[in-house]
Amino acid sequence: MKYTYRSTLFAALVATAVCAPALAGEVLVSAAKLLDVRSGKMINDPQVLIRDGRIVAIGQGAAAFTPGPSTTRVDLPGLTLLPGLIDMHVHLDSDPSYGGYTGLEYGDRFWSVLTVPHAGKTLDAGFTTVRNVGADAWNDVGLRQAISEGKVRGPRVVTASYAFGATGGHCDSTFFPPSMKQSSPYNADSPEQGRKMVRELRKYGAQVIKICATGGVFSRNTEPGQQQLSLAEMKAIAEEAHQWGLQVAAHAHGASGIKDAIRAGVNTIEHASLIDDEGIALAKKYGAWLSMDIYNTEYTQAEGKKNGTLEDNLRKDREVADAQREGFRRAHAAGVKMVYGTDAGVYPHGDNARQFAWMVKYGMTPLQAIQAATLNASEALASKDVGVIEVGRFGDMVAVAGDPTRDVTLLENVAVVIKNGDVVLNKVAPAAAKP
Ligand SMILES: [Zn+2]
């Protein structure tokens, strides 16, 4: 996104367990099919046994496990199971219906509160893990804590807290004149300041570091192609983050900013709109992931004006949209590693799955698009907890009617969402879902 004024102003598959007895407190999920996102193969009559939120065994056929008297049975006949989906680029405290200056009508905590319905909509869309790459006022950190305490429904949230960059850059507060001076508390204008920001943000809850390497679409007086952090600054930030065990995500539209971010050791390049052939070669060489939000322009161009988004921001969105989609096609064809990142918050939360169809339109197979939102995302997060239905990982799954490797748009309407072994949405049998 989109660091608008309010940025600162307001603030193993198939364990061959045969007839193992199921224990009390367990959940046994059965379905018609299960997509193994590693091999792309469909498993018939899967049985997934979950204990204390984690998958402990996977079998095939009704006789695979003998459920105990207190085992919760989740039978999903006719449905296909796949891993809970992962969106690597969301902003749960943003609402696209307040464009331009219209958000100034609301107080600081309005945006904090909005994270609650947004998190629920995201979970109900089948996204059981998200990476929140930029929030105001620690909104994402508070939300993560409330979700993990069971106070609020929502996905697992990997938090960046504040995104930061250069003074006057895309991550700064850019919507006000000098007489109403507003600036991000986390601007960094030297390598040393960059290191300091990494330490400060980590101290209060950042689990990934998000920087703005270039200008952007939804800020004022920045251009997407313009590099805003130097190679030296990004190297210092990446080195510091990595020292603390954190990864770095860089907002980067322009070709030079993308390349310097990759050279600096940044882990994921967000948007990557104007990537050139040298950038594609560098991404391959360094193993950088691209997170390209190629759906949201549909929403911005259709609804932005009505929402109060300024014409200059709509102009920038139009200018990068086609180039980004063609860049996606070229990068994927060249074999660059891709994750699923949508910039939800620029378009309505809960519509996260709409990007799958665009990734297929621009060169991926449905399976590759699904892998971007599952297996690849887990690798990019360096997580062995999510993204694949296999023993040891969390019991996070979705179920859909039909075969999403043939029709990826099926993912826009998941029938069942399971998080930690709990059925959190069940459109087939609504009463069976946990409130
Ligand atoms: Zn964003």
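Residues numbered from 1 in each chain as written. Predicted model: local features only at pLDDT ≥ 70, side-chain atom pairs only at ≥ 80, totals over all residues. Heavy atoms only, no water.

Peer 1: Explain the packing of helix H6 (residues 277–286) against helix H8 (residues 311–334) to me, using residue names and the numbers behind them.
Peer 2: As a packed pair, H6 and H8 sit with axes 10 Å apart at the nearest point and diverge in direction by 40 degrees. The orientation of H6 with respect to H8, classified from their angle, is oblique. As H6 runs across H8, the sense of the crossing is right-handed. Taken together, the residues of H8 that come into contact with H6 (itself represented by Asp277, Ile280 and Lys284) are Arg330, Ala331 and Ala334. For the contact of H6 with H8, a count of residues per class yields three nonpolar, no polar and three charged. (Axes fitted to C-alpha atoms, helices over the stretch in contact; angles between N-to-C directions. Helix = DSSP H or I, 4+ residues; strand = E, 2+ residues; numbered from the N terminus. Parallel < 35°, antiparallel > 145°, perpendicular 65-115°, else oblique. Left-handed = near helix turned anticlockwise from the far one by under 90°. Contact = heavy atoms within 4.5 Å. Nonpolar A, V, L, I, M, F, W, Y, C, P; charged D, E, K, R; others polar.)

Peer 1: Let's hear about the layout of surface pockets: which residues, and what values?
Peer 2: In this structure, the largest pocket encloses a volume near 400 Å³. Elements that contribute at least two residues to the lining of the largest pocket include exactly helix H2 (139–148), strand E10 (156–159) and strand E18 (422–426). For the lining of the largest pocket, the element with the highest residue contribution is H2, accounting for three residues. Residue composition of the lining of the largest pocket, grouped by class: seven nonpolar, four polar and eight charged. Put simply, the second largest pocket is a space of about 290 Å³. Looking at the lining of the second largest pocket, the elements that each hand over two or more residues are strand E9 (127–132) and E10. Considering every element that reaches the lining of the second largest pocket, the biggest residue donor is E10, with three residues. Residue composition of the lining of the second largest pocket, grouped by class: eight nonpolar, five polar and three charged. (1 Å grid on protein atoms, 1.4 Å probe; cavity = no way out; pocket = protein on both sides within 12 Å on 5 of 7 lines; lining within 4 Å. Points joined across faces, edges and corners; volume = space filled by probe spheres on them.)

Peer 1: Quick rundown of the pattern of salt bridges? Include the residues and the values.
Peer 2: As enumerated under the stated definition, the model contains 27 salt bridges in all. A salt bridge links Arg131 to Glu270; the nearest nitrogen and oxygen atoms lie 2.7 Å apart. With Arg131 in strand E9 and Glu270 in strand E13 (residues 268–271), this residue pair connects regions lying 139 residues apart in the sequence. The buried category is assigned to Glu270, whose relative accessible area is 0%. When the shortest N-O distance is used, the salt bridge between Glu192 and Arg195 registers 3.7 Å. Of this pair, Glu192 and Arg195 both sit in helix H3 (residues 191–203), three residues apart, which is roughly one turn of the helix. Residue classification places Glu192 among the exposed residues on the basis of a relative accessible area of 54%. By sharing partners, the salt bridges in this structure join Glu192, Arg195, Arg199, Glu239 and Glu240 into a single network. (Salt bridge = Lys/Arg side-chain N within 4 Å of Asp/Glu carboxyl O. Buried < 20%, exposed > 50% of the residue type's maximum accessible area, 1.4 Å probe, protein only.)

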